[in-house]
Amino acid sequence: MEGVASMVVETTKWDPAENIETAEDVAAYLKAAFEDGDPAVIATLLGAIARSKGMTKIAKDAGVTREALYKALSADGDPRLSTLLGVIKALGLTLTVE
């Protein structure tokens, strides 16, 4: 199209870990992830929360290596229930079912 200036839009990857600061943030993100129901979304979000709180500390408190935790909580990871529960406990969270 002549006369139309091309516009370049620069984007950056959004990382929820950069926006998780309070307990309310954690709760809101986790609520949305569980409402979505996709295990990959839940695991990835737990990874973002762990990164926001310090992955090394969370891994230690959860009883796994930092590398194993990164892998388990990635989009391609498939964490064991024991890992998920360990991370939830390490983050100082509790799960409730309604």
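The paragraphs below set out a description of the structure included in this document. Quick caveat, the model's predicted, so the values are computed rather than measured.

**Section: the overall build of the protein**
And then number 1: Each helix and strand in the protein was counted, giving five helices and zero strands.
And then number 2: Mapped from its N terminus to its C terminus, the protein presents α and β elements in the order α-α-α-α-α.
And then number 3: Referenced to the eigenvectors of the C-alpha coordinate spread, the extents of the protein come out at roughly 60 × 35 × 25 Å.
And then number 4: Counting the 98 residues in the protein, one finds 30% classified as buried.
And then number 5: When the accessible surface of the protein is summed, it comes to about 7300 Å², and 55% of that surface belongs to carbon and sulfur atoms.
And then number 6: Positive and negative side-chain charges in the protein, numbering 10 and 15 respectively, have mean positions lying 12 Å apart.

**Observations regarding helix α5 (residues 81-90)**
And then number 1: Among all positions in α5, only Thr-83, Leu-84, Gly-86, Val-87, Ile-88 and Ala-90 are buried.
And then number 2: Buried-residue contacts for α5 involve α2 (39-53), α3 (55-62) and α4 (66-72).
And then number 3: Of the residues one or two after α5, Gly-92 is the one with positive phi, at around 75°.

**What about α3?**
And then number 1: Taken residue by residue, α3 has Met-55, Ile-58, Ala-59 and Ala-62 as its buried positions. The arc that holds every buried residue of α3, seen down its axis, measures 100°, which confines them to one face. Exposed residues pointing more than 90 degrees away from the buried face of α3 are listed as Thr-56 and Lys-60.
And then number 2: Considering only its buried residues, α3 is in contact with α2, α4 and α5.

**Notes on the packing of helix α1 (residues 23-36) against α2**
And then number 1: Their axes nearest at 9 Å, the elements α1 and α2 cross at an angle of 165°. With respect to their mutual orientation, α1 and α2 come out roughly antiparallel. Between α1 and α2 lies a crossing of left-handed hand. Touching Val-26, Tyr-29, Leu-30, Ala-33, Phe-34 and Asp-36 of α1 are Val-41, Ile-42, Leu-45, Leu-46, Ile-49 and Lys-53, all from α2.

**Some points on the pattern of salt bridges**
And then number 1: Scanning the model with the defined rule gives three salt bridges in all.
And then number 2: Residue Asp-15 pairs with Arg-51 through a salt bridge whose shortest N-O separation is 2.5 Å. In this pair, Asp-15 sits in the segment before α1 while Arg-51 sits in helix α2, placing the two residues 36 residues apart along the sequence.
And then number 3: You can call Asp-15 partly exposed: its relative accessible area is 21%.
And then number 4: Measuring nitrogen to oxygen at the nearest pair gives 3.8 Å for the salt bridge that ties Glu-35 to Lys-31. Taken together, the positions of Glu-35 and Lys-31, both in helix α1 and four residues apart, correspond to about one turn of that helix. Lys-31 carries the same exposure label as Glu-35, and that label is exposed.

Thresholds, definitions, all that
Residues numbered from 1 in each chain as written. Predicted model: local features only at pLDDT ≥ 70, side-chain atom pairs only at ≥ 80, totals over all residues. Heavy atoms only, no water. Helix = DSSP H or I, 4+ residues; strand = E, 2+ residues; numbered from the N terminus. Buried < 20%, exposed > 50% of the residue type's maximum accessible area, 1.4 Å probe, protein only. Areas by Shrake-Rupley, 256 points an atom, 1.4 Å probe, with all protein chains shown as cover. Lys, Arg positive; Asp, Glu negative; His and termini not counted. Charge placed at Lys NZ, Arg CZ, Asp CG, Glu CD. Contact = heavy atoms within 4.5 Å. Arc of directions from axis to C-beta. Axes fitted to C-alpha atoms, helices over the stretch in contact; angles between N-to-C directions. Parallel < 35°, antiparallel > 145°, perpendicular 65-115°, else oblique. Left-handed = near helix turned anticlockwise from the far one by under 90°. Salt bridge = Lys/Arg side-chain N within 4 Å of Asp/Glu carboxyl O.

All we've got here are geometric facts, nothing functional implied.
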